[in-house]
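Survey of secondary and tertiary structure
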Amino acid sequence: MTALLTEHPHLGVEPVLRELSVPSSTYYRWRRAEREPCERVRRDAELTEQIKEIHADSGGIYGSPRVHAVLKREGVHVGRKRVERLMREAGLAGISPRRKGFTRRDPKATPAPDLVQRDFTASAPNRLWVTDLTVIATGEGPL
């Protein structure tokens, strides 16, 4: 409809609205919403900025539950689902605390034989060597 009014300014708004069966109040409310967004849209923009700041301060780690908790601690009254929606719209996501990849034993593999029969006492020095294998997750990968 805006294109029609732009192409033919001599027609005027009222006749076009009458022909399209659109109430004039609807048209003018729509035009006003273009100029000045409603309170909810303005509040969403403010919250999105706060959420981006909290997310950046956490190093990009915090997800919506933690961001919501920080906002609540700061006295900002906002729903958890709203925080989720705003983060999704802003393209923000937290890092999952779940570990990626851990060793799974092959069910078809045969286990190594227990050569010491769980008796870890050595009869003489340098006769029995025992170790424990531990994987420590680091920022550069497993160690």
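Bear in mind that the values here come from a model prediction, so they are computed numbers and not experimental data.

**Quick look at the pattern of salt bridges**
Taken as a whole, this structure holds 7 salt bridges when the rule is applied. Between Arg43 and Glu46 there is a salt bridge whose closest N-O contact spans 3.3 Å. Of this pair, Arg43 and Glu46 both sit in helix 4 (residues 39-57), separated by 3 residues, roughly a single helical turn. By relative accessible area, Arg43 is classed as partly exposed at 26%. Overall, the relative accessible area of 46% leaves Glu46 in the partly exposed class. A salt bridge links Arg80 to Glu84; the shortest N-O distance between them is 2.9 Å.

**What about the confidence of the model for the chain?**
A low pLDDT score tells you not to read the predicted coordinates there in detail. Scored by pLDDT, the chain comes out at a mean of 85, with 95% of its residues at no less than 70. The element-level mean pLDDT for the chain is lowest in helix 1 (residues 2-7), coming to 72, with helix 6 (residues 80-90) highest at 96.

**What about the side chain of Asp44?**
For Asp44, the location among the structural elements is in helix 4. A relative accessible area of 9% means that Asp44 is categorised as buried. Side-chain polar atoms of Asp44 contact the side chain of Arg85, separated by 3.2 Å. Not counting residues within four places of it along the chain, the set of residues in contact with Asp44 comprises Arg82, Arg85 and Leu86.

Conventions adopted
- Residues numbered from 1 in each chain as written.
- Predicted model: local features only at pLDDT ≥ 70, side-chain atom pairs only at ≥ 80, totals over all residues.
- Heavy atoms only, no water.
- Salt bridge = Lys/Arg side-chain N within 4 Å of Asp/Glu carboxyl O.
- Helix = DSSP H or I, 4+ residues; strand = E, 2+ residues; numbered from the N terminus.
- Buried < 20%, exposed > 50% of the residue type's maximum accessible area, 1.4 Å probe, protein only.
- pLDDT = per-residue confidence, 0-100.
- Polar contact = N/O pair within 3.5 Å; in protein donor to acceptor, adjacent residues only side chain to side chain.
- Contact = heavy atoms within 4.5 Å.

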